[in-house]
Amino acid sequence: MRNLGLALYILAAFGTITSTIFLGLVFVAVSRFRRESRRKAVAASEVPESELPFLSVMKPVHGQEPRLRETLRTFFQQNYPKYEIVFGARSSEDPAVAIVEELRKEFPAIPVSIIYSGPPQWPNAKVYSLDKMLAAAKSEFVIISDSDVFVHPDYLRNVTAPLLDPKTGLVTCVYRGFPVGGSWAVLEGLGMSVDMTSGVLLADMFEGMKFALGPTMATRKDALAKIGGIGATSDFYSDDFELGSMISEAGYHVELSHHIIEHMVVDTSFGPSLDHQLRWMKSTRFSRPLGHVGSGLTFAVPFGILGLIGGCLMGAPAAGGLLFAWSLLNRMLQCLTVGWLAVRDRRAVSLCWLYPARDLFGFLLWALSFTGGDFEWRGEKYQFQKGGRIVSYR
């Protein structure tokens, strides 16, 4: 047992080192993001209003999600000179359409159109809808945003200003997770604010943005045309990642905005939350297999638990307890640094003690992501293919 304990302890020590290196890199990336954000905020504020272009805001909707009226209303309350909102739904019977119609009456000064796509003919239903919506958009500048996003009045100005540079083809934003209720939504929200942001900031620091995040993708039609249109992403689950990647490969700069938005976390119970997060984990495994495997070394708490077990088995519980205690402190520091200093999520401060549990749950999701490629998404069954493509089946 002592030999087994020693082997486990050595493995735990190695994982503790890699997760600590990861934490140090996160510190550097957050510092860089804060510095760059100050510069970008000043640049956006200095753009004269007369130079801001007319915009087409794309808002695909599907069903009556929690707080849908509240999130959609924020797009009608923008301090921006001229813009239209193009909504997309499968049919007029979608419950979200009634909310859109009410908001249209409440804000008659904002031009609104609703495009009905009908049953999707492509694997990714959202992209199929977006293709039809973009055809109806009147502006060359388009903002693609998910329906469960809450934004502030200066949102459009901040994400549009960088696109005035013709070399910039896409602007995207990191976001805070905003749970609508339930302990599982809280955990998932912490993951959005901390896990997701950590990875994005590190990627931007090391190689620049080569992808986009779905809650906000601001772009121009010339950039979309250069990649063959939005339909080029129709076979992918992570269409946002692929859109940013394709625009980057086409020679455009992809900008990570300083502006922070809020993403509603609507999965209030364990089952839906698990399904949603596991889909994304599997998507990452198929899209970026080597990076996904390597991400297992960034978790801290699983190695802390392994060290505690190993220390007890080899008769040195204090040594094991040390690794375990550091793993908890490691994740609490990450939560405070990223969650508060980067995205200003107040829950990351008050709930930093809970983040180690999120780290452990994230590791379990990572392990489960290797269990196959089938998944269900909005009532349809799909299977992941090599490269992150998906195929539907019945």
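Details of the structure are given in the entry above.
Treat the numbers as computed from the prediction; the structure is a model and nothing was measured.

Engineer: What am I meant to see in the pairing of strand β4 (residues 141–144) here?
Structural biologist: For a regular strand, side-chain orientation follows a simple rule: the groups alternate between the two sheet faces. The side-chain alternation of β4 yields two buried faces, one formed by Phe141 and Ile143 and the other by Val142 and Ile144. Across four bridges, strand β1 (residues 55–60) lies against β4 in parallel orientation. Within β4, the residue paired with Ser56 across the bridge is Val142. With four bridges connecting them, β4 and strand β8 (residues 217–220) associate as antiparallel partners. Residue pairing for β8: Val142 is matched across the bridge by Thr219.

Engineer: Just checking my understanding: could you explain the sheet that holds strand β3 (residues 112–116) for this structure?
Structural biologist: Within a sheet, each strand pairs with its neighbour through backbone hydrogen bonds, oriented either parallel or antiparallel. Spatially, the seven strands line up as an open sheet ordered β3-β2-β1-β4-β8-β6-β9, and their pairing is mixed. Each end of this open sheet is capped by a strand with a single partner; those strands are β3 and β9 (253–256). Across this sheet, the average inter-strand angle for adjacent strands is 20°, counted without regard to direction.

Engineer: Would you explain the pairing of strand β10 (residues 261–265) in this entry?
Structural biologist: Of all five residues making up β10, five are buried, and the element is well covered by its neighbours. Of the two faces of β10, both are covered, the one formed by Ile261, His263 and Val265 as well as the one formed by Glu262 and Met264. Here strand β5 (residues 149–150) runs beside β10; their pairing, made up of two bridges, is antiparallel. Residue pairing across strands places Val149 opposite His263, the latter belonging to β10. Sheet analysis places strand β7 (residues 175–179) next to β10, joined by five bridges and oriented parallel. Bridge pairing in β10 links Arg176 to Glu262.

Engineer: Explanation requested: the environment of Ala125 in the structure shown.
Structural biologist: Looking at the secondary structure, you find Ala125 in helix α4 (residues 125–136). The spacing of Ala125 and Arg39 is 86 residues in sequence and 38 Å in space, taken between C-alpha atoms. Aside from chain neighbours lying at most four places away, what touches Ala125 is Arg90 and Pro120.

Engineer: Even after reading the chapter, I still don't get the environment of Val30, so can you show me in this structure?
Structural biologist: Secondary-structure assignment places Val30 in helix α1 (residues 2–45). The class of Val30 is buried, set by a relative accessible area of 3%. Separated by 311 residues in sequence, Val30 and Leu341 place their C-alpha atoms 7.3 Å apart. Look past the residues within four positions of Val30 in its chain and what remains in contact with it is Leu201, Thr337, Val338, Leu341 and Ala342.

Engineer: Teacher, can you tell me more about the packing of α1 against helix α11 (residues 301–313) here?
Structural biologist: Angle between the axes and distance between the axes: these two values describe a pair of packed helices. At a minimum axis separation of 7 Å, α1 and α11 run at an interaxial angle of 150°. In terms of axis orientation, α1 runs roughly antiparallel to α11. You can see that α1 and α11 cross each other, and the crossing is left-handed. Residues Arg2, Leu4, Gly5, Leu8, Tyr9, Leu11, Ala12, Gly15 and Thr16 of α1 form the contact with α11, whose own contacting residues are Phe303, Leu306, Gly307, Ile309, Gly310, Gly311 and Leu313. Its residues assigned to classes, the contact of α1 with α11 shows nine nonpolar, six polar and one charged.

Engineer: Looking at this structure, I do not really get the sheet that holds strand β11 (residues 374–377). What am I missing?
Structural biologist: The sheet built from three strands is open, its strands ordered β11-β12-β13 with antiparallel pairing. Whereas interior strands pair on both sides, the edge strands pair on one side only; in this sheet they are β11 and β13 (390–393). For this sheet, the mean angle separating the axes of adjacent strands, direction not counted, is 35°. As judged from the four bridges shared by β11 and strand β12 (residues 380–384), these two strands associate in the antiparallel manner. Bridge assignment links Phe375 to a residue of β12, and that residue is Tyr382.

Engineer: Help me understand unusual backbone geometry, please; the structure alone is not making it clear to me.
Structural biologist: For residues besides glycine, phi is generally negative; the peptide bonds are generally trans as well. Within the chain, Arg67 stands out as a residue other than glycine whose phi angle is a positive 65°. Within the secondary structure layout, Arg67 lies in the loop between β1 and α2 (68–76). With a phi angle near 55°, Arg344 is a residue other than glycine that sits in the positive phi range. Summarising the element assignment, Arg344 is placed in the loop between α12 (317–342) and α13 (346–350).

Quick notes on the rules
- Residues numbered from 1 in each chain as written.
- Predicted model: local features only at pLDDT ≥ 70, side-chain atom pairs only at ≥ 80, totals over all residues.
- Heavy atoms only, no water.
- Buried < 20%, exposed > 50% of the residue type's maximum accessible area, 1.4 Å probe, protein only.
- Helix = DSSP H or I, 4+ residues; strand = E, 2+ residues; numbered from the N terminus.
- Pairing = 2+ DSSP bridges.
- Axes fitted to C-alpha atoms, helices over the stretch in contact; angles between N-to-C directions.
- Contact = heavy atoms within 4.5 Å.
- Parallel < 35°, antiparallel > 145°, perpendicular 65-115°, else oblique.
- Left-handed = near helix turned anticlockwise from the far one by under 90°.
- Nonpolar A, V, L, I, M, F, W, Y, C, P; charged D, E, K, R; others polar.

No statement about biological role is implied by the geometric values presented.
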